[in-house]
Structures are given as C-alpha cells and as structure tokens.
Amino acid sequence: MLDNPSTTATAEARRQIEICNACRYCEGYCAVFPAMTRQRAFADGDMTQLANLCHNCRGCYYACQYTEPHEFAVNLPAALAEARQDSWDRFAWPGVFAGMFQRRAGAMIAVLIAAIALLFGMALWLQPESGEGFYAYLSHGIMVALFTPAFLFPVLALAIGVRRYWNEVGGEPVHFADLRQAGIDAASLRNLSGGQAGACNFEAEDRFTNARKHAHQAVMWGFLLCFGSTTSATIMHYFLDWSAPYGPLTPPKLLGVPGGILMTIGAGYLAWVKTKADPSLGAKAFGGEVAFTLLLGAVGATGLALYAATGTGAVPALLAIHLGCVLAFFLTTPYSKMAHGAYRFAALVREAQIKRQSRGGTES
Amino acid sequence: MRDVSKTIWDVIVVGGGNAGLCAAIEAAEAGAKVLILEVAPKPYRGGNSRHTRNFRCMHQGPLSVLTGDYDPDEYYDDLLRVTGGKTDETLARLAINTSESCLPWMEAHGVRFQPSLSGTLSLSRTNAFFLGGGKALVNAYYNTCADLGVEAVYEAEVTHISLEDGAFTGLEAIINGETYDIEGRALVLASGGFQGDLDWLADAWGPAARNFLIRGTPYNRGVVLRDMLDQGAVSVGDPTQCHAVAIDGRAPKFDGGIVTRLDCVPFSVVVNKDGERFYDEGEDVWPKRYAIWGRLVAAQPDQVAYSIIDAKSAELFMPSVFPPETADTIEGLGQKLGISGTKLRETVEAFSAACADGDFTPTELDGLATNGITPAKTNWARPITEPPFYGYSLRPGVTFTYLGLKVDQTARVAGPDGDLLNVWAAGEIMAGSILGQGYLAGFGMTIGTVFGRIAGQEAAKHVG
C-alpha cells in the first residue's frame, strides 16, 4: 500500500467535488455528476469510485466558472485523474510494481526491448528441428510455456486489483443486470458522449469533437477482435485439432486482420490527439500513457506486418518483434494504462448497481 | 494581436457576454464586419453570463428540454409579481414573446441544453438549463463568432464613446496599456451594470454597500454606462436596485457565483448580529424568495445575518460550498458565529416555544406557522431543539445593478435629443427598463438574448 488516500490526490479531488456539489451545472455531461448528487459527504471510497467513473471527457472543465485563476481553482478532470491513478497504485499487486509502467515511458520501453531480445534469443538458440509456419522458428511448446504464465499472471494480478477496488468502494454482490448495463456503457463509451452535446472536449479545447472517442473505439474494438482471434486459434488448436498456420478465411484471420488494422490506426490516432490536448487537464503521466498507446499500436502493426511477410525471410525477425511486443504488453498490463479498462469497468458496474438499488430494482 | 484601430468597423460591440455575443452573431450573419471589445481576460470572458445557468422561455408546448407549456400571460404575471409592477410592459412583453423563437436559435448557434438540474425540478417547465452552465454557452458563442470572422479582443477597456450630433463616431479603448481610437459605423453597448465599482455602489446605497459581496463578475464597473449618462443618454432604473440575494457570508468578495448560495433559510431562523429575528423566513418557497433576502440582510446592522438550523433540517437543502459552523448548544453556536450566545439562545427558545404541532412538508407551503411571535414564521416552523446545531452567516450578494440606459423596442438608445442614430444597447445595461426591482430566475438571459439579437440586426441594417 502506498500513501493514505486521505492525505493525497483524493483529498484535493474531494475539495473540488464539494464545490461541484454546491454548483451542479455539469449534471448533463457524464455519470460522475449524477453520482455525486446522491451524496453530501464523500468518503475515500466514494472518491475512488467517482475518480474511476470519470472518463476525462473534459466537458466540465471547459464549462467551469471556477477554473484558475479563480481562487476556487477547480480542474476536476485533472484532480480525478490524479486520484484515479493513485488508486491504481494502491490496488496494484504485487505493490512493488505500482505505477511502474503507467507513469514511466522509460520502464515500458526497457521491458519492450528485453522482451524482443528474449524472443530473438529463443528463436536463435531454441529453434526446433522441424515445424510449420511460425513453429519452424519457435516450437508450439515453447510459445505455450512462455505465454501461458505471461497471460495468466496479469489476469490474476488484475483480478486481485479489482477485488481491492471493490472492497474500497463498498461494492456488493453483482447482479447480471449490473454487468449488462456496464457492458452497454463501456461498449458505447456513453460517458465520452457529453450528454446533449453528443461529443466531448479534448484536442479542440472548448469545441466539441468525437476524435478521442472514435480513436478509443477503434483501439478497444480492435483489441477485442485480436483477443477473439487468439481465443479462436486456441480453441481450434486444442479442441478441433487444427493447428496454425491458418488461411485468410479462418476465424483467427477474419478477426485478427481487421482487429490489427483498427488497433494500429486507432492507437496512432489516440496518441496524436493526446499530443494536441491540454496536458494540464489529465494526470501527470503523459509519457507512460503515450508509450502504452504506442505499444498497443505496435502489437497491431507488427502482427499485420508478420502476416504480410508470410513466406519471406523477414518472418523470424518479425515474429520475434511481434511476440516481444505482445509479451511486453501482457507483462505490463496490470501496471500500465491498460489496467484502466478493468477498473473503469468495475466503476461502471458499481454505478449500475447503485442506480439499480436506488430504483429498488430486484432484477438479477 | 492586430491593430484593431486600423480598420473602420461596421459594428463595434462593447462587452462580450451573452447579449453582446448575440448581437455580434446577428450582425456578422447579416454581413457586417464586427469587433467585440471584452474588458475581461479570456478565462473570465462573458460577464455575468459565465455564472448563469438557464434561460426563461415562453413556449406553447414541449420545447427542447422544456416540459408542458408556459404562456405569455403567465410569464408576464410572474414578472409583475417579482417586480411589484415596476416594469415596462411593451419591452417586457417583447422579451417574453420573442423568447420562444430564441431557444431554437440558441441551439443552432452551438448552445446545448440539459434537463432541469437536481434540486431545480420546479423550474423544468419555465427555464431551459444550459448544459454545463453559462460559461459553456459563452464558449459556444465565441466559437460561432470566430467561425463568422468576428474579431474579439480581450482585456480591452472602453473608456469613452464619441458622440457627435446624436451619432456615434468612434470610441477610445485601453488595450494592453495603450490607448486606441477605434472607428465604427454602429455601436452596440452590452457592457453590463456597475456592481464592480464599490464607490458607485456606496454613492447609491451609502457606506453599507462596502459590506456587500459582489457575487457577479468584477469586470462590470459601469465605465461605459457612466460615460453615456454623462453625455446625456437617458437613464432608467433606480441606482439602489439590483439583483441581490443573501449568500454565504464567507464567499469571496467578488465573483463567487452560484456555489455561494444558501438554501437553508426557509428551514431556519434568521437573526441579525444582535440576535434578533427580522423577517418571516417561511414566507414562500425559496426560489420565489431568495431574491428579496439580499435587501433584507442589507438593511441589518453591519449587513450581516445568521441562519440557524438543527439536525432535523441539515439535509433538506442543496449542500453549501463551505461547511456550516457546528455546536451542540445554541449558546456555543452563537459564540462560534461571533454573536451573543445568550441572546441567540433566548431568540431560538422563544421561536421554538411558538411552534405548533403539525405536518411538515419541505417541498411545498405547509402552513406550519408560529403562534404569538413577531415576525411570525408562516411555513416550515419547527422547533430548533435537536443538536447538533448549524449556523451560516449571510451577506448581501450583488449579481448586477439595474440602473441603465433607456431603449426603445428596437433596442436603440435614447439620447438627450431623441434616439441616438446608431447606438443600441442590450443586456444588463438596459435591463432596468424591464426589471424595476426584484428578479425572475433566468430572465436576465432572456433579456440579453432577445435584445442582443435585435440590437445586432438593427445595427447591421443601419450599416447595410
């Protein structure tokens, strides 16, 4: 555990949210403000929930009559971003990695280089005597031995983190209706839609645009398609006795190619709009966040390049680079910006739960 | 910044709040070359529009976020009630009747609305709330202006309007510390009232005004208003009248805005610094009474009062931005508030003894009144007996002053010898014609939008 939330970013976010609760002009932007109005006093767990519910759409900042130089100095998107990132540090397991990649581009790059070097080394020294496609360079057994723990460890770490989150915000047993509502909110990025504005404020300051939302949709759906690609290949390998390489009209390729394209373009676009937006309205983790976004883009781009290079001499090098990117992505996930997906979803579930309970709903 | 004095502008708009922006948009859409001179720096642009949240709008059926209907006679009756009849019926009805067509115009020019805010459901039929509040509206209009090629200059203080033979010829402005003479063919004055000038307020009110808090923008100092009046422009309104509400006594001296409000008065007893009650706290629901409490507190010694509640009422009103003073005894609360605890205890005990049994309904007039004390509390009178006790200090908070320029139905300013040829006014600088006293929530934005648009259209027509 790191700092006590009462004495850090949470305290500043609480100071600001108490000003917001006396104003309430921003109720129409996102879920944070209606959630805020349900309370008059904000415990640490309440602030953690509000901070993770905030999608940093920035509508409230540009509408705020109390931003600096006003003495109330309200900058809620930044205050909640800081509280949110601090909360991820508290939830990180093992705690020694807290914030390591989320805030530091350098650490992220170091892991990436090490992962790529490891894969090159394995391809060089552990090359199997026979094998088809990628398995000519890295045997299936070695890939499984490397990626099974590299996948399961982050899943475990995030699960522990989300459990800590749930305890801190006082979450209760989840109903299916909560998951469904949170799923709809996440899939549509409802909280980046700005209510009647239909868009948010980001790279164009106080003008409304959907650039960030569209970029994020591309990355999120591209990632999910790629994940579906890998899952389908796993099923085919183990249950259908159908091993790689797969042709262009098989599920892994039909999901993976569009997924890779969406993820690559989306990540590039997302990183670009981030460089155009005002950094003082986000968390002080610009480098780590951009490095993470570019790593996601690199996972997609190297995957596409690898597929394009099929049958050429570039395959072994591209395979090592692509798998190195994937390995670095997996290993850093619980401690990089990627973790926001898990905590944000938990916040949406908790919000849906509170709203259901306040309606007195019994659906399950 | 380019040298704006090198151009002869078609229309110069003084003041970049809602009224000025509406005028600038209308004039620019009619093809005029428009300059806005805004005295505030960019973060504070928009005058009091920055602090507003809604637009009171007549409508014959559901319109955008507005429910039901709000017909012109009901609207006018609401205005008569708050102003005690001190209004100009022609101008008031013009504002009311035009408000309905303004709402779609606002949406078409970038303003976004939202359903009535929590705690303001009583306004969901009459007032359309801006998504994000008035600053978001101001941002939208500045963006629209930029797209139309309107030039806006911040920190530009207009110090003198040149009038020759009843016509505007140019003006003098200080920009970045340098004085410029800027020429234009038509002028729209939308520079607000004078509440930012405490000396002027003290001239009108006496020294008590120095204890007022200025809840609105400090940038409205009435420099242009004074200059116009000195040159014989016809004035309307009483210099002591203003939109003044009772706000948290700990609010900033200037620019505290909406969060400084205190909605606890109807559930409290209010005493002055001598510990004496002075007015019926439960006369009507708060949205209909908050606007008179500024003047009530202004009339008390040292322009301060104290609102006292007990634990029963602590969550019946919108949260305050500053936490209340808290004590387990009334006497202790009085000491924390800096008034006589003994006297406060006597007043509160007398009040509690005068309360009768009955049903308490916080959301409507419940008739739960006191017996045998003066002044009576005619609704929501419950004994103040349950610790902890909470206290807030109250001070008058002035949003804007009503003394202004007389205009006709085309928003044209009246000069010493009849209407000025090419000068129009809109917003708070002329609102005193319509608001002789009192205030109707959301009506300032209606006056600004209606007359701003008219002024812009008329000015563009003149230079056409």
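Engineer: An account of the overall build of chain B is requested, with residue identities and associated values reported.
Structural biologist: Looking only at helices and strands, chain B has 10 helices and 19 strands in total. The C-alpha atoms of chain B give 23 Å as radius of gyration, which agrees with the globular expectation for 464 residues (23 Å, within 12%). Taken over the C-alpha atoms alone, chain B extends approximately 70 × 45 × 40 Å along its principal axes. Buried residues in chain B amount to 55% of all 464 residues. Long-range contacts, defined here as pairs at least 24 residues apart, represent 74% of the contacts in chain B between residues at least 6 apart.

Engineer: Help me get a handle on the overall build of chain A, residues and values and all.
Structural biologist: Check the secondary structure of chain A and you find 13 helices and 0 strands. For chain A, the C-alpha radius of gyration of 22 Å lies close to 21 Å, the compact-globule estimate for 364 residues. For chain A, the spread of C-alpha atoms along the principal axes amounts to about 70 × 45 × 40 Å. Looking at chain A residue by residue over its 364 residues, the buried ones come to 46%. Considering only intrachain contacts with a sequence separation of at least 6, the fraction spanning at least 24 residues in chain A is 75%.

Engineer: Provide a residue-level description of the interface of chain A and chain B, including the pertinent values.
Structural biologist: On the chain B side, the residues contacting the 28 residues of chain A number 28 residues. Among the elements of the structure, helix 1 (9-23) and helix 4 (59-63) of chain A are those that each provide at least two residues to the side of chain A that touches chain B. Tallied by class, the residues present in the side of chain A that touches chain B amount to 12 nonpolar, 9 polar and 7 charged.

Engineer: Got a sec to walk through the sheet that holds strand 5 (residues 127-130) of chain B? Specific residues and values, please.
Structural biologist: Residue and element names in this part refer to chain B. The 3 strands lie next to each other as 3-5-4, forming an open sheet whose pairing is antiparallel. Of all the strands in the sheet, just strand 3 (54-56) and strand 4 (113-114) have a single pairing partner and so form its edges. Strand direction decides the pairing type here: strand 4 and strand 5, joined by 2 bridges, are antiparallel. The residue of strand 5 that forms the bridge with Phe113 is Phe130.

Engineer: An account of the pairing of strand 16 (residues 389-401) of chain B is needed here, citing residue identities and associated values.
Structural biologist: Residue and element names in this part refer to chain B. Most of strand 16 is tucked away: 13 of the 13 residues are buried. Both strand 10 (residues 213-214) and strand 16 contribute to a ladder of 2 bridges, which runs parallel. Counterpart to Leu213 in the pairing with strand 16 is Gly397. Pairing analysis gives 7 bridges linking strand 12 (residues 242-248) to strand 16, with the strands arranged antiparallel.

Engineer: Report on the packing of helix 7 (residues 140-168) of chain A against helix 12 (residues 315-332) of chain A, specifying residues and quantitative values.
Structural biologist: Residue and element names in this part refer to chain A. One can describe the packing of helix 7 onto helix 12 by two numbers: an axis separation of 8 Å at closest approach and a directional angle of 25°. In this view, helix 7 runs roughly parallel relative to helix 12, as classed from their interaxial angle. Regarding helix 7 and helix 12, the two cross each other, and that crossing is left-handed. In this structure, helix 7 uses Ala150, Phe151 and Pro154 to contact helix 12, whose residues at the interface are Leu327, Phe330 and Leu331. Of the residues belonging to the contact of helix 7 with helix 12, the class tally is 6 nonpolar, no polar and no charged.

Engineer: Before we move on, could you go through unusual backbone geometry and cite the residues and values that matter?
Structural biologist: Most of the time, phi is negative for any residue but glycine, and the peptide bond is trans. Residue and element names in this part refer to chain A. Cis rather than trans, the peptide bond between Ala244 and Pro245 has omega equal to 0°. With respect to the element layout, Pro245 can be found in the loop between helix 9 (211-239) and helix 10 (251-276). One non-glycine residue, Asp241, lies in the positive phi region at around 55°. Within the secondary structure layout, Asp241 lies in the loop between helix 9 and helix 10.

Engineer: I'd like a rundown of the environment of Cys57(A), residues and numbers included.
Structural biologist: Residues and elements named next belong to chain A. The residue Cys57 is located in the loop between helix 3 (44-53) and helix 4 in this model. Classification of Cys57 as buried rests on a count of 25 C-beta atoms within 10 Å. Along the sequence, Cys57 and Thr10 sit 47 residues apart, while their C-alpha atoms lie 19 Å from each other. For Cys57, the residues in contact, after removing those within four places along its chain, are Tyr29, Cys30, Asn191, Leu192, Gly194, Cys200 and Asn201.

Engineer: Give me the lowdown on the packing of helix 6 (residues 105-125) of chain A against helix 11 (residues 286-308) of chain A, citing residues and values where you can.
Structural biologist: Residue and element names in this part refer to chain A. Two elements in contact, helix 6 and helix 11, have axes separated by 7 Å at closest approach and are oriented at 30°. One element, helix 6, and the other, helix 11, form an angle in the roughly parallel class. Only Gly287, Gly288, Val290, Ala291, Phe292 and Leu295 of helix 11 make contact with helix 6, whose side of the interface consists of Ala105, Met108, Ile109 and Leu112.

Engineer: Give me the lowdown on helix 4 (residues 134-147) of chain B, citing residues and values where you can.
Structural biologist: Between the first and last C-alpha of helix 4 of chain B there are 20 Å, a value that for 14 residues agrees with the 20 Å anticipated at 1.5 Å per step. Buried residues dominate helix 4 of chain B, accounting for 11 of its 14 residues. Every buried residue belonging to helix 4 of chain B is among Gly134(B), Lys135(B), Ala136(B), Leu137(B), Val138(B), Asn139(B), Ala140(B), Tyr141(B), Tyr142(B), Thr144(B) and Cys145(B), and all of these are buried. Its buried side turned inward, helix 4 of chain B meets helix 4 of chain A together with helix 1 (18-29), strand 2 (34-37), strand 5 and strand 6 (151-153) of chain B. Just downstream of helix 4 of chain B lies Gly149(B), where phi reads positive at about 85°.

Engineer: Explain the domain arrangement of chain B residue by residue, including any values.
Structural biologist: All names here are of chain B. Here the domain parsing of chain B yields domain 1 (4-233 + 402-463) and domain 2 (244-397). Each of domain 1 and domain 2 has a C-alpha centre, and these two points are 34 Å apart. Listed per partner, the contact involves 16 residues of domain 1 and 18 residues of domain 2. Looking at the side of domain 1 that touches domain 2 residue by residue, the classes come out as 8 nonpolar, 6 polar and 2 charged.

Engineer: Please provide a residue-by-residue account of helix 6 of chain A, values included.
Structural biologist: Residues and elements named next belong to chain A. If you check helix 6, its first and last C-alpha atoms are 30 Å apart, about what 21 residues at 1.5 Å a residue would give, namely 30 Å. Residues of helix 6 that are buried: Ala107, Met108, Val111, Leu112, Ala115, Ile116, Leu119 and Ala123. Mapping the buried residues of helix 6 onto a view down its axis gives an arc of 165°, with all of them on the same face. In helix 6, the exposed residues that point more than 90 degrees away from the buried face are Gly106, Ile113, Ala117, Gly121, Leu124 and Trp125. The inward-facing, buried residues of helix 6 abut helix 11 and helix 12.

Engineer: I'd love a proper account of the pairing of strand 7 (residues 156-164) of chain B, names of residues and values included.
Structural biologist: All names here are of chain B. As judged from the 8 bridges shared by strand 7 and strand 8 (residues 167-175), these two strands associate in the antiparallel manner. In the sheet register, Val158 faces strand 8, and the bridge partner there is Ala173. Hairpin geometry of strand 7 and strand 8 is characterised by an intervening segment of 2 residues between the two adjacent antiparallel strands and by a positive phi of about 50° at Asp165.

Engineer: Go over the environment of Pro362(B), please, and point to the residues and values.
Structural biologist: All names here are of chain B. By secondary structure assignment, the location of Pro362 is in the loop between helix 9 (341-353) and strand 16. Through-space distance from the C-alpha of Pro362 to that of Pro72 is 30 Å; in sequence the pair is 290 residues apart. In this structure, Pro362 is in contact with Phe267, Leu316 and Trp380, ignoring residues within four places of it in sequence.

Engineer: Tell me what's going on with the environment of Val269(B), and back it up with residues and numbers.
Structural biologist: Residues and elements named next belong to chain B. Mapped onto the secondary structure, Val269 falls in strand 13 (residues 269-272). Val269 sits 108 residues away from Lys377 along the chain, and the two C-alpha atoms are 8.5 Å apart. Look past the residues within four positions of Val269 in its chain and what remains in contact with it is Arg277, Glu281, Ile308, Val348, Phe351 and Ile384.

Engineer: Describe the confidence of the model for chain B, and please don't skip the residues or the numbers.
Structural biologist: Reading predicted coordinates in detail is not appropriate for stretches of low pLDDT. Of the residues in chain B, 99% reach a pLDDT of 70 or more, and the chain-wide mean stands at 96. We note a pTM of 0.95 for the whole complex and an ipTM of 0.95 for its interfaces.

Each value, and the rule that gives it
- Residues numbered from 1 in each chain as written.
- Chains lettered and ligands numbered in written order.
- Predicted model: local features only at pLDDT ≥ 70, side-chain atom pairs only at ≥ 80, totals over all residues.
- Helix = DSSP H or I, 4+ residues; strand = E, 2+ residues; numbered from the N terminus.
- Rg over C-alpha atoms; globule rule 2.2 N^0.38 Å.
- Buried ≥ 20, exposed ≤ 12 C-beta atoms within 10 Å, placed from the backbone.
- Contact = placed C-beta atoms within 7 Å.
- Nonpolar A, V, L, I, M, F, W, Y, C, P; charged D, E, K, R; others polar.
- Pairing = 2+ DSSP bridges.
- Axes fitted to C-alpha atoms, helices over the stretch in contact; angles between N-to-C directions.
- Parallel < 35°, antiparallel > 145°, perpendicular 65-115°, else oblique.
- Left-handed = near helix turned anticlockwise from the far one by under 90°.
- Expected span 1.5 Å × (residues − 1).
- Domains from an automatic or database assignment.
- Arc of directions from axis to C-beta.
- pLDDT = per-residue confidence, 0-100.

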